[in-house]
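Remarks on the overall topology
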Amino acid sequence: MAKDPLAEAGFYFDELNKLRVLEPDTSQKTSELKEECKEFVDKIGQFQKIVGGLIELVDELAKEAETEKMKAIGARNLLKSVAKQREAQQQQLQALIAEKKMQLERYRIEYEALSKVESEQNEFIDQFILQK
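The model shown is predicted, which means the values in this text are computed figures rather than measured ones. (Residues numbered from 1 in each chain as written. Predicted model: local features only at pLDDT ≥ 70, side-chain atom pairs only at ≥ 80, totals over all residues. Heavy atoms only, no water.)

Observations regarding the overall build of the chain
Of the regular secondary structure elements, the chain holds two helices and two strands. The helix and strand sequence of the chain, counted from the amino end, reads α-β-β-α. Counting over 132 residues, the chain shows a buried share of 2%. Summed over its atoms, the accessible surface of the chain is roughly 12700 Å², and 60% of this surface lies on carbon and sulfur atoms. (Helix = DSSP H or I, 4+ residues; strand = E, 2+ residues; numbered from the N terminus. Buried < 20%, exposed > 50% of the residue type's maximum accessible area, 1.4 Å probe, protein only. Areas by Shrake-Rupley, 256 points an atom, 1.4 Å probe, with all protein chains shown as cover.)

What to know about the packing of aromatic side chains
Across all of its chains, the model carries one aromatic pair by this definition. A ring pair is formed by F124 and F128, whose centres lie 6.3 Å apart and whose planes are at 20°; its orientation type is stacked. Here F128 and F124 lie together in helix α2 (residues 24-131), a separation of four residues that amounts to about one turn. (Phe/Tyr/Trp six-rings, centres within 6.5 Å; stacked < 30°, edge-to-face > 60°.)

Here we look at a negative patch on the surface
Judged by side-chain charge, E32, E35, E36, E39 and D42 come together as a negatively charged surface patch. With respect to the secondary-structure elements, E35 resides in helix α2. (Patch = residues over 30% accessible without salt bridge, like charges linked within 9 Å, V, L, I, M, F, W, Y side chains within 5 Å. Salt bridge = Lys/Arg side-chain N within 4 Å of Asp/Glu carboxyl O. Lys, Arg positive; Asp, Glu negative; His and termini not counted. Charge placed at Lys NZ, Arg CZ, Asp CG, Glu CD.)

Comments concerning the UniProt feature "coiled-coil region" (unreviewed entry) in the chain
The UniProt entry lists residues 79-117 under the feature "coiled-coil region" (unreviewed entry), expressed in the numbering used here. Secondary structure over residues 79-117 splits into 100% helix and 0% strand, and the C-alpha atoms at its two ends are 56 Å apart. (UniProt positions renumbered as here; feature names shortened; annotations may be inferred.)

Considerations on a nonpolar patch on the surface
On the surface, L54, L57, V58 and L61 cluster together into a nonpolar patch covering about 360 Å² of accessible area. Relative to the helices and strands, V58 is located in helix α2. Judged by its relative accessible area of 45%, V58 falls in the partly exposed class.

Focus: the pattern of salt bridges
Taken as a whole, this structure holds three salt bridges when the rule is applied. The partner of R108 in a salt bridge is E105, and the shortest N-O contact between them spans 2.2 Å. Taken together, the positions of R108 and E105, both in helix α2 and three residues apart, correspond to about one turn of that helix. Among the salt bridges present, the one from R108 reaches E112, with a minimum N-O distance of 2.5 Å. Remark: E112 and R108 occur in helix α2; sequence separation between them is four residues, near one turn of the helix.

As structure tokens, this is what we get:
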């Protein structure tokens, strides 16, 4: 078989009998590749939308986690503050107890001294009345 002179020159007829520069097989493969590329681009677009939604969700969760973390830190600091206040109050009360014990001891000694003076004065009065 003799080769087609148009084919040798690089010209081809398609199924609609239009003159083409590309071979029909190459033209078909090019069209298929174009469709596959379009599908790929569409899938990439969908993927980007999904990933964008996921990133937004993760960012929102991160913000919520950060908020909860700050609340926990605030609660911990408040608890430490309350503990320090209680400790300071306890020290103040212990100092007050020690002061009151010392005052009680002074009053006890003063009471004993006054009781002794009263006893001596009562004895003096009794002796004075008996001498008359």
